[in-house]
Amino acid sequence: MSNTVAAPRASGTPDSDPALRGAVRILTPSGERTDEPEYGCQVADVDDEALLALHDDMVVVRRIDTEATNLQRQGELALWPPLLGQEAAQIGSARALRSDDFAFTSYRENGVAYCRGVTPAQLMPVWRGVTASGWDPYSVGMATPQVIIAAQTLHATGYALGLQYDGSDAAAIAYFGDGATSEGDASEALVFAATYKAPVVFFCQNNHWAISEPVTLQSGSSLAGRAAGFGVPSVAVDGNDVLAVMAVTRAALARARAGGGPSFIEAVTYRMGPHTTADDPTRYREPAELEAWRRMDPIDRVEKHLVSRGVLTDERRAETQAHADQVAKAMRDACIGMPDPDPMSLFEHVYAEPHSDIDRQRTRFAAYLDSFEDAR
Amino acid sequence: MSAMTMGGALNAGLRAALTADPKVLVMGEDIGALGGVYRITDGLQREFGPRRVMDTPLAESGILGTAVGLAYRGYRPVCEIQFDGFIYPAFDQIVSQVARMHSRTNGAVKMPITIRVPVGGGIGSAEHHSDSPEAYFAHTPGLRVVSVSNPQDAYDLLQDAIACDDPVLFFEPKRRYHMKAEVDTARSRPAAMGTARVLREGTDATLVTFGGLVQVALAAADAAADEGVSLEVIDLRSLSPIDWVALATSVRRTGRVVIAHEAPESVGLGAELAAGITERCFYFLEHAPVRVTGFDIPFPPSKLERHHLPDLDRMLDGVDAALGRPSSLAEED
């Protein structure tokens, strides 16, 4: 045994990435829509107009991401986890959901939130630090995003079990990353979901990096391949192809609705930005790798396709950009105008029913605050 | 009224809860055909079916994480953790998810999850089968912690816990599963969640404990009475919140308090009780609060557990300390 530690391998460029080899692809990086034999039928109804709508989503979500990053740099947000590069994975999958489906996500799924009907203004308060949740989960069918890695895979499984018990044909979907597949909870969720045939879709965005750790450090085999060991059918998809992502997600949801149980999707994508605004990826990854993935940009390929179809005109592009700018401005205004929370809100909702210990602390703290002259 | 063991009372309480509310689910390892390793769920799967009484894979984090999702969907899961020492794989789901979801979602999502845990020593178990992990959970905001000591409370408090919209850690002292008593199943008494109970009135010192040690404390009070010492015995029952009114009322009268628990002493529940009682009863105390607890050691092999667990004599040794008499606990560095 050598006592030297192997350096983490680079995550891989699209050309050499084993995860992408054989991944389902409908829209090529050059913008050509292909006849994918197995999944193409799932998106046969997605015509130029529908694709323009998906393009609009992606442009808006990227604009939200840029604006939020700027807001963090300007001190208006404490932190922001950019999703740059993952727009197709998030929007293609989230637009496959029905309103009565339920999404359990990590903190990076701001594109999913946008598709579920979370307003950009509602994305701000958590990252500004004024509240723990920007929205009521039941109002949009999306749980408050999860910070503990992979914990939400079990929540989605339990919720799906509840759907099954209720006789509903809705489904739950769990969003998590490549790093999360190493957590025990992800394995336990696959075991529970397979055992009970829960109507849940495990949607893994392999964005190649868990902060500084490449996906090669998380697994010695493909992530999609791992699901087979749990008895869960899986598929790898080009995560930067919005059509292919939508197609495989629709297929997985259809299986769940029909009582076929869980599915696992590995969306092979790339985190083009930092882990969060507090991260510096130049310390751990090669510029060449990022450049290679830039050529796989999920928005570029849709634009190439729509331009070749003659539907993404300069006028339409300007409309989309104007819409995105307007969304960004509304989000900025909401963020900057957001008041700090009332100190007494500290004690709210810790319990649903009265709890004498915390009630006493609340009373005392209120009296303490009242003791200051300027509080009166 | 009917005579029940504590295990039987818990079984009856679960049956009543399953009958009363179709959203109540029971889940855990070996709880179906086997009826649980302690038979607390005996017959329930046959009666309510495998969906409402679910055998789960052997994954405690999976049990609690799945329960979170079920609660998200409006269900009221009752999770059985097979043994105290097996709860730690679920610790993250309990403290990071179950305890915080209501707060995190600004009250939108309730977590009415009851986590039943057989706890404590005294039955000669193997390693990891005798722990008293209450302090971890009583320390965690968002959780309620209940510890029962007798069949009547087991029957009542289990149903109260299941009906509560907050998550409840429900500790069952396994050495008392076979304790038998008359149980009134009429449910006509006021809800007991959050309250302590004075089991025996006395004047010279207050002996506070919970769970498996309550019977030991009552026996110690009998023995003390033979020596002319009058002990008031309080069963804490609720470890979060703590019924400070009941404790302060008693200690202000007796002026002395002995706190007993099986868990290790340092940073245990006894430390919180001693501090809280001192804050409330400082001018009434004739002696510093005295703790009689398990030692600060991993739970020992079963042939040693009788030395580790507070017994009648060690409780009386603590009472001697509180009364200012010679005691192994009398002098502190």
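Residues numbered from 1 in each chain as written. Chains lettered and ligands numbered in written order. Predicted model: local features only at pLDDT ≥ 70, side-chain atom pairs only at ≥ 80, totals over all residues.

*Asks:* What exactly am I supposed to notice about the packing of helix H8 (residues 214-226) of chain B against helix H12 (residues 312-322) of chain B here?
*Replies:* All names here are of chain B. It is at 9 Å that the axes of H8 and H12 come closest, and there the two elements cross at 60°. As judged from the angle between their axes, H8 and H12 are oblique. Between H8 and H12 the crossing geometry is right-handed. Of the residues in H12, those in contact with Val216, Ala217, Ala219, Ala220, Ala223 and Ala224 of H8 are Leu312, Met315, Leu316 and Val319. Looking at side-chain class alone, the contact of H8 with H12 contains ten nonpolar, no polar and no charged residues. (Axes fitted to C-alpha atoms, helices over the stretch in contact; angles between N-to-C directions. Helix = DSSP H or I, 4+ residues; strand = E, 2+ residues; numbered from the N terminus. Parallel < 35°, antiparallel > 145°, perpendicular 65-115°, else oblique. Left-handed = near helix turned anticlockwise from the far one by under 90°. Contact = placed C-beta atoms within 7 Å. Nonpolar A, V, L, I, M, F, W, Y, C, P; charged D, E, K, R; others polar.)

*Asks:* Sorry if this is basic, but what is going on with the environment of Pro167 of chain B here?
*Replies:* All names here are of chain B. Its location among the elements puts Pro167 in the loop between helix H7 (151-163) and strand S7 (168-173). Since 33 C-beta atoms lie within 10 Å of it, Pro167 is described here as buried. For the pair Pro167 and Ile94, spaced 73 residues apart in the sequence, the C-alpha separation amounts to 9.0 Å. Setting aside its immediate chain neighbours within four residues, Pro167 contacts Val98, Ala99, Met111, Ile113, Gly142, Leu143 and Arg144. (Buried ≥ 20, exposed ≤ 12 C-beta atoms within 10 Å, placed from the backbone.)

*Asks:* Teacher, can you tell me more about the domain arrangement of chain A here?
*Replies:* One widely used convention gives an interface's size as the accessible area the parts lose upon coming together. Looking at the assigned domains, one finds that chain A contains domain 1 (14-341) and domain 2 (344-376). Centre-to-centre separation of domain 1 of chain A and domain 2 of chain A, based on C-alpha positions: 40 Å. (Domains from an automatic or database assignment.)

*Asks:* Any chance you could explain the sheet that holds strand S7 (residues 263-268) of chain A here in plain terms?
*Replies:* Residues and elements named next belong to chain A. The strand order S1-S2-S3-S7-S6 describes an open sheet built from five strands, whose pairing is parallel. Both edges of this open sheet fall to strand S1 (102-104) and strand S6 (234-238), since each of them pairs with a single strand only. With direction set aside, neighbouring strand axes in the sheet form an average angle of 20°. Together, strand S3 (200-206), S6 and S7 form the strand contacts of helix H10 (residues 242-257), whose direction differs from that of S7 by roughly 170°. (Pairing = 2+ DSSP bridges.)

*Asks:* Would you mind going over the domain arrangement of chain B with me for this structure?
*Replies:* Residues and elements named next belong to chain B. According to the domain assignment, chain B consists of domain 1 (2-183) and domain 2 (197-328). Each of domain 1 and domain 2 has a C-alpha centre, and these two points are 27 Å apart. Across the contact, 24 residues belong to domain 1 and 21 residues belong to domain 2. Of all the elements in the fold, those that place two or more residues in the side of domain 1 that touches domain 2 are helix H6 (134-138), strand S6 (144-147) and S7. Looking at the side of domain 1 that touches domain 2, the element that brings in the most residues is S6, giving four residues. Residue classes in the side of domain 1 that touches domain 2 are distributed as nine nonpolar, nine polar and six charged.

*Asks:* Would you mind showing me how to read helix H4 (residues 91-98) of chain B here?
*Replies:* Those residues of H4 of chain B that sit buried are Gln93, Ile94, Gln97 and Val98 of chain B. Projected down its long axis, H4 of chain B shows its buried positions confined to an angular sector of 115°, all on one face. Tucked into the core, H4 of chain B has its buried residues touching helix H6 (151-166) of chain A together with helix H3 (60-72), helix H5 (101-104) and strand S5 (114-119) of chain B. (Arc of directions from axis to C-beta.)

*Asks:* Is there a simple way to think about the interface of chain A and chain B in this case?
*Replies:* In this assembly, 35 residues from chain A lie in contact with 37 residues from chain B. Put simply, the parts of the chain that give the side of chain A that touches chain B at least two residues each are helix H5 (137-140), H6, helix H7 (184-196) and helix H14 (356-370) of chain A. In terms of residue count, H6 of chain A provides more of the side of chain A that touches chain B than any other element does, eleven residues in total. Of the residues assigned to the side of chain A that touches chain B, the class counts are 18 nonpolar, twelve polar and five charged.

*Asks:* Whenever I open this one, the sheet that holds strand S3 (residues 53-55) of chain B confuses me. Can you help?
*Replies:* The strands that make up a sheet pair up through hydrogen bonds in the backbone, lying either parallel or antiparallel. All names here are of chain B. Overall, mixed pairing links the seven strands, which are arranged S3-S2-S4-S5-S7-S6-S12 in an open sheet. A strand with exactly one partner marks an edge of an open sheet, and here the two such strands are S3 and strand S12 (238-240). Each adjacent strand pair in this sheet contributes to an overall mean axis angle of 20°, direction not counted. Bridging between strand S2 (residues 24-28) and S3 involves three bridges; their strand directions are parallel. By the bridge assignment for S3, Met27 is matched with Met54.

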